[in-house]
Amino acid sequence: MAQGGRWPVLIGRQRETELLTAALVQAVDGASGSTVLLRGDAGVGKSTLLAWVERAARERGFTVLRSVGAETETDLAFGALHQAFWSPLQRSGALSAHQREALESALGVRSGTPSGFAVGAAALALLEEAVRTAPVLLLLDDLHWIDSSSATVFDFLHRRCAELPVVIVGATRPDGPAAQTWSAEAADVRALPRTEAALLLGTCYPELAAPARDRVLTEAAGNPLALVELPRQLADAQQRGTAPLPEQLPLGRKLERMFAERLDKVTPEVGHLLLLGALATGPDFSSGEWLRALADENAREILERIEADGLARLDPAGQLVFRHPLVRTAVVSAASDTERREAHRALSESLAPDDPRRLVHEASAALLPDGDLAHRLQEAGRDLARRGGDAEGALLLERAAVLSPSSCDRARRLTWAAVMAARGGQLRHAAALVAELRASTVPQDVAPLFAYAVVYADQSHHIDFESSAKLLPAALDALTAPGADTFGGLVEQAYFKLLLAATYTDDPWAWRALERHRGSVSEAGRLCLQAWTDPGPDAAAALRVVAEQLTEEQEAGAAWLLLWTASALDCPEGDLWQRFTGLHGYATQGSIAKAKCHQDFLLGHWDQAPVCLREAEIADELGYHTNALMFRQHYAHFLAGRGDEAGLREIEQAVRPTATRARMRYVLDRLTHLRGLAALAHQRYEEAYAHFCELTPPGRLPGGPPWHHALVFDLVAAAVRTGRHEEARAHLAAGRAARSADISGRHAFLFAAATALAAEDDETDEAYRAAYAVPGAEQWAFDLARLRLAHGAWLRRRHRPGAREVLRVAHHVFRRLQASPWAQHCEEELRAAGDFVAPPPDGTAAEPSGLTGQELRIARLAATGLTNKEIGRQLQLSPRTVGAHLYKIFPKLGITSRAALAHALDGT
């Protein structure tokens, strides 16, 4: 990539620029938002693409907001948010007093402890205000170095901006958190092919001799930054070809070393100023402050030498802007420990005593234990956590622990750091801190907090539930004792962790402790326990009432409980999971994703099945191994429904050994159920019946999770097909006595469907009509199609009218779900009814236009002028999913706007 005047001239980035252009066009023409994530290694050209899209957006009238992550700024909570939103906040006239207070508190300009949701909602309100006058482009460079609190807000915004003309473009390393967790359109920015690399090199260095050119092309390996920087390391004679080239050139991953070698040549004064500039990050660090820290009357002259050397420059705001983030990294890495401490000390002394940044620099400068500094760090860390910055607060607590003169204080602070790190999504690090604490003596006054940290790491990271039943009952006893320290609401969180262990393992000690402490938790906690033990009638209605009564502040603590309750009841009504897609750490976002995967299976959104595997990979990458196991189990549901027994065996081999070791009866029972479901798909009814009877013997509903009640349709189907009509009716009688149909809408439909299957001939028609008439029956796509298949087969065998119509509808659904064995069963029935069934076209997922079936449906609806929200309502998709499909549709059809859709679809 060459520099052409002020703006970069891109070479070889057609795919990326088309994607970015489509996002801008959609925001202007469709007034809907989108997110594009540029992923790539250092120096590959992500920042240049951001500069290109910034120019393109400004030419289209966009307002541009920008934030750049910095490695030395990751512990500055909301620092990156400050960069992007400080200016619009100052100009805003539409924020409510509550929203302004929340955002100003997060940005540190006023005291207060806003909830994380309030900060995200306030930032969203600023965007809503800004787009009234122009679409907005939010650029996020170096996302992998953006502080966790800001990153969570940006994640919240990217999930909520689908209906606003807002384009978010982020750039991150491939292993950055956003690259793993953001559900955004991703563009992997790769090294340039040799032809394009040669064009870039020739544009930047037209007089470079052939030997030098070939050598640089080989060693740069297509990395644009290396192509631009490596020739700078050559002497003039080497560039002209009149002197031999060195044996080795710095290249690829060694770019940082290349900058370090350039730093070796600078004077001590220049190096000191560069180090101060690298450490004095953040929008509030003016040039006056860090130049005062330099205490050198020749500072301006030194700055001029730095700019002439091409390492950095001073921007109008007084920030030292480095040529590339690797320069900043190299500056910090090249400095000795002593030099870094001296620089931090100088920076701290340049700041006012009450400036929160001073404390961070003091801590970095400290070498010996310091009780007063440790205490101040602890208070600052706890304050950060109250403002939503758990991950950054954990860093300060760790630093406080290191500086603690007392071993007891050190253990207390490390315990808090472990809990805060876990809450902030840093689970691997939290597990490491727990392991360190287990090797030491933890003071008794923080024993409940330590127990919670141990269980958190064991449950989520180690897939081990043994410590839950051992530690949490005693922890709850201590937390609920009169006058006890509750550690900021730990009772509810410990209760949920124990409830999770009980539902996974069915440990009787855990259930007894939960019942004993039922009165110590909120209504949401009590409802969750009830849902998993004895749901009773109208449990789903009770869930909706509790959810509607929650305030935004209460949602963050209750999200896990409500989502787990909904999971128990098979209750996606009202899209409860969508309420919590806001500002929460991965721990909650993982629960949301699991709820969404389960809902996708129940509602027939089976094209989303691969999301389960992607989420499993993300969870494993972040250390949430129990989540990864559960995502794979969710994927197994889709495989069983489709009758894919080979895929089901593969997943089971990956899941069952771990679940067996951890005594996760919940998972093992589910796998047994899925074996039976797959056997049903292939009409092996005896085998299916045997599997279902392992879980719920006919005529008897064992106590426990309500999903045992939901097996009624499967068990009755297998019983009827094996001639066990009495057993089927006995099971229905047991369900009727237990009021299974009253648990939730899905339970009502399944019970009615099972009743229809087992009805006597003179009652069958009425029973099927009753099942179809259950409110919301149409949303359970797979189960409804199975009911129609059974109904159509019954009608055909009795030569009743309407069999073919019912079978055709079922057949269409099974094809859409790619449930081939079920579709084949429909075809057999249709042929027996004298109906011709056309074979599916080769490559059923593709249309002649190159669009998938889902893409074609979305394209045709968009061509009629419908908005993303209206399309999503018709197809039961989120507006963001519709937008993501449109990004892929535009380049496939060779267009860049919705206006061109109708013409492009004429031939499809």
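Reading the values: rules and limits
For every chain, the first residue of the written sequence is number 1, and numbering continues from 1 along that sequence. With pLDDT at 70 or above as the cut-off, local features in this predicted model cover only qualifying residues; side-chain atom pairs require 80 or more to be listed or tallied, and sums for whole chains, interfaces and linings still use all residues. Computation of side-chain values: all heavy atoms of the structure, hydrogens and water removed. Note on conventions: DSSP H or I runs of at least 4 residues are helices, E runs of at least 2 residues are strands, and numbering of each starts at the N terminus. Throughout, exposure labels follow a simple rule: accessible area from a 1.4 Å probe, protein chains only, divided by the maximum for the residue type, with under 20% read as buried, over 50% as exposed, and the rest as partly exposed. A pair of Phe, Tyr and Trp rings is counted when the ring centres sit within 6.5 Å of each other, with Trp represented by its six-membered ring. The angle between the planes then sorts it: under 30 degrees is stacked, over 60 is edge-to-face, the rest tilted. Only Lys NZ and Arg CZ are tested; either one counts as a charge over a ring when it is within 6 Å of the ring centre and within 35 degrees of the ring normal. For helices, the axis comes from a line fit to the C-alpha atoms of the stretch in contact; other axes are also lines fit to C-alpha atoms, and the angle between any two N-to-C directions lies between 0 and 180 degrees. Here roughly perpendicular refers to angles of 65 to 115 degrees, roughly parallel to angles under 35, roughly antiparallel to angles over 145, and oblique to all remaining angles. In this scheme the handedness of a crossing depends on how the near helix is turned from the far one: anticlockwise by less than a right angle means left-handed, clockwise means right-handed. Any two residues whose heavy atoms approach within 4.5 Å at even a single point are treated as in contact. Classification used: nonpolar for Ala, Val, Leu, Ile, Met, Phe, Trp, Tyr, Cys and Pro, charged for Asp, Glu, Lys and Arg, polar for all others including Gly. A pairing counts as a salt bridge when a side-chain nitrogen of Lys or Arg comes within 4 Å of a carboxyl oxygen of Asp or Glu. Any residue with an atom within 4 Å of a point lines the site, the site being either a cavity, points on a 1 Å grid over the protein atoms alone where a 1.4 Å probe fits but cannot get out, or a pocket, an open set with protein on both sides within 12 Å along at least 5 of 7 lines. Grid points are joined across faces, edges and corners, and a volume is the space filled by probe spheres set on the points. The disulfide criterion is simple: two cysteine sulfur atoms within 2.5 Å. Each helix should span, by expectation, one fewer than its residue count multiplied by 1.5 Å. At least two DSSP bridges between two strands are needed for those strands to be called paired. Buried Ala, Val, Leu, Ile, Met, Phe, Trp, Tyr and Cys residues form a nonpolar core when they are joined through side-chain atoms within 4.5 Å. The directions considered for the arc run from the helix axis to the C-beta atoms.

**Overview of the overall build of the chain**
Thought 1: Counting its regular elements, the chain contains 46 helices and nine strands.
Thought 2: In the chain, which comprises 908 residues, the proportion classed as buried is 57%.

**Quick notes on unusual backbone geometry**
Thought 1: A positive phi is found at Asp506, a non-glycine position, where the angle reads about 60°.
Thought 2: If you check the backbone angles, His799 has positive phi at about 55° while not being a glycine.
Thought 3: Tracing the sequence through the fold places His799 in the loop between helix 40 (781–797) and helix 41 (803–817).
Thought 4: For His799, a relative accessible area of 74% puts it in the exposed group.

**A look at the packing of aromatic side chains**
Thought 1: Considering all chains together, one arrives at 17 aromatic pairs under this definition.
Thought 2: Note on Trp532 and Trp564: the rings are 4.7 Å apart at their centroids and 25° apart in plane angle, and the pair reads as stacked. In this pair, Trp532 is assigned in helix 27 (residues 523–533) and Trp564 in helix 29 (residues 552–569), connecting sequence segments 32 residues apart.
Thought 3: Accessibility expressed as a relative area gives 2% for Trp532, which makes it buried.
Thought 4: Taking the centre distance of 6.3 Å and the plane angle of 75° together, the rings of Phe782 and Phe814 count as edge-to-face. With Phe782 in helix 40 and Phe814 in helix 41, the pair connects residues that are 32 residues apart, well separated along the chain. You'll find Phe782 and Phe814 in the same group, each marked buried.
Thought 5: Members of the aromatic cluster, each reached through a chain of ring pairs, are Phe601, Trp606, Phe638, Phe782, Phe814 and Trp822.
Thought 6: Looking at Arg512, its charged tip hangs above the ring of Trp509, at a distance of 4.8 Å from the centre.
Thought 7: Positioned above the aromatic ring of Tyr772, the side-chain terminus of Arg788 is 5.7 Å from the ring centre.

**A short note on the packing of helix 38 (residues 745–758) against helix 40**
Angle between the axes and distance between the axes: these two values describe a pair of packed helices.
Thought 1: In contact at an axis separation of 11 Å, helix 38 and helix 40 are set at 15° when each is read in the N-to-C sense. With respect to each other, helix 38 and helix 40 are oriented roughly parallel. As helix 38 packs across helix 40, the resulting crossing turns out to be left-handed. Residue-level inspection shows Arg746, Phe749, Leu750, Ala753, Ala756 and Leu757 of helix 38 in contact with helix 40, the latter providing Asp783, Leu784, Leu787 and Ala790.
Thought 2: By residue class, the composition of the contact of helix 38 with helix 40 is eight nonpolar, no polar and two charged.

**Examining the pattern of salt bridges**
Thought 1: Under the defined criterion, the tally for this structure stands at 40 salt bridges.
Thought 2: Of the charged contacts in the structure, one is a salt bridge between Glu760 and Arg729, with a shortest N-O distance of 3.0 Å. Linking Glu760 in the loop between helix 38 and helix 39 (761–772) with Arg729 in helix 37 (residues 725–737), this pair joins segments that are 31 residues apart in sequence.
Thought 3: Through salt bridges with shared partners, a single network forms among Asp570, Asp714, Arg746, Asp783 and Arg786.

**Observations regarding empty space enclosed by the protein**
Thought 1: Under the criterion given, the structure shown has five cavities of 30 Å³ or more.
Thought 2: Of the voids in this model, the largest cavity is the one considered here, and its volume is about 340 Å³.
Thought 3: Mapped onto the lining of the largest cavity, the elements with two or more residues apiece are helix 23 (447–462), helix 25 (490–505), helix 29, helix 30 (586–602) and helix 32 (625–642).
Thought 4: At five residues, helix 30 tops the list of elements feeding residues into the lining of the largest cavity.
Thought 5: Split into classes, the residues belonging to the lining of the largest cavity amount to 13 nonpolar, eight polar and two charged.
Thought 6: Roughly 200 Å³ of volume is contained in the second largest cavity.
Thought 7: Contributing to the lining of the second largest cavity are 19 residues, with Phe601, His673, Ala710, Asp714 and Arg746 lying nearest its centre.

**A word on the state of the cysteines**
Thought 1: Per the stated rule, a full pass over the model turns up zero disulfides.
Thought 2: With no disulfide of its own, Cys597 lies closest to Cys612 among cysteine sulfurs, the gap being 3.4 Å.
Thought 3: Taking relative accessible area as the criterion, Cys597 reaches 3% and is therefore assigned buried.

**As for helix 40**
Thought 1: End to end, helix 40 covers 24 Å across 17 residues, agreeing with the expected 24 Å (1.5 Å per residue, within 8%).
Thought 2: In terms of burial, helix 40 is largely enclosed, as 13 of its 17 residues are buried.

**Focus on the packing of helix 27 against helix 28 (residues 539–549)**
Thought 1: The N-to-C vectors of helix 27 and helix 28 enclose an angle of 160°; their axes lie 10 Å apart at closest approach. The orientation of helix 27 relative to helix 28 falls into the category roughly antiparallel. Two packed elements cross with a definite hand, and for helix 27 against helix 28 that hand is left-handed. Side by side, helix 27 and helix 28 meet where Glu523, Ala524 and Leu527 of the first sit next to Ala542, Leu543, Val546 and Gln549 of the second.
Thought 2: Per-class residue counts for the contact of helix 27 with helix 28 are five nonpolar, one polar and one charged.

**Considering the pairing of strand 6 (residues 166–172)**
Thought 1: Extensive coverage of strand 6 is indicated by the burial of seven of its seven residues.
Thought 2: Neither face of strand 6 is left uncovered, since the one carrying Val166, Ile168, Gly170 and Thr172 and the one carrying Val167, Val169 and Ala171 both have all their residues buried.
Thought 3: Of the pairings in the sheet, the one linking strand 3 (residues 34–39) to strand 6 comprises six bridges and is parallel in character. Residue pairing across strands places Arg39 opposite Thr172, the latter belonging to strand 6.
Thought 4: Two elements, strand 5 (residues 136–141) and strand 6, share five bridges in a ladder whose sense is parallel. Residue pairing across strands places Leu137 opposite Val167, the latter belonging to strand 6.

**Remarks on the nonpolar core**
Thought 1: Counting 163 residues, the largest nonpolar core has Met664, Val667, Val716, Phe749, Leu787 and Phe814 as the members making the most contacts within it.
Thought 2: Apart from residues no more than four positions distant in its own chain, Val667 is found in contact with Leu629, Met630, Gln633, Val655 and Ala659.
Thought 3: Judged by nonpolar contacts, the second largest core, of 44 residues, contains Leu107, Ala122, Leu373 and Leu396.

**Some points on the environment of Leu449**
Thought 1: Along the polypeptide, Leu449 turns up in helix 23.
Thought 2: Dropping the residues within four chain positions of it, Leu449 is found in contact with Thr415, Trp416, Val419, Phe487 and Leu490.

**Notes on helix 31 (residues 609–622)**
Thought 1: Counted at 1.5 Å a residue, the expected span for helix 31 with its 14 residues is 20 Å, and the 21 Å between its end C-alpha atoms agrees.
Thought 2: Three or more residues of helix 31 are buried, namely Ala609, Val611, Cys612, Glu615, Ala616, Ile618, Ala619 and Leu622. One side of helix 31 carries all its buried residues, which in axial view fall inside an arc of 165°.
Thought 3: Where helix 31 ends, the next residue or the one after it, Gly623, has phi of about 95°, a positive value.

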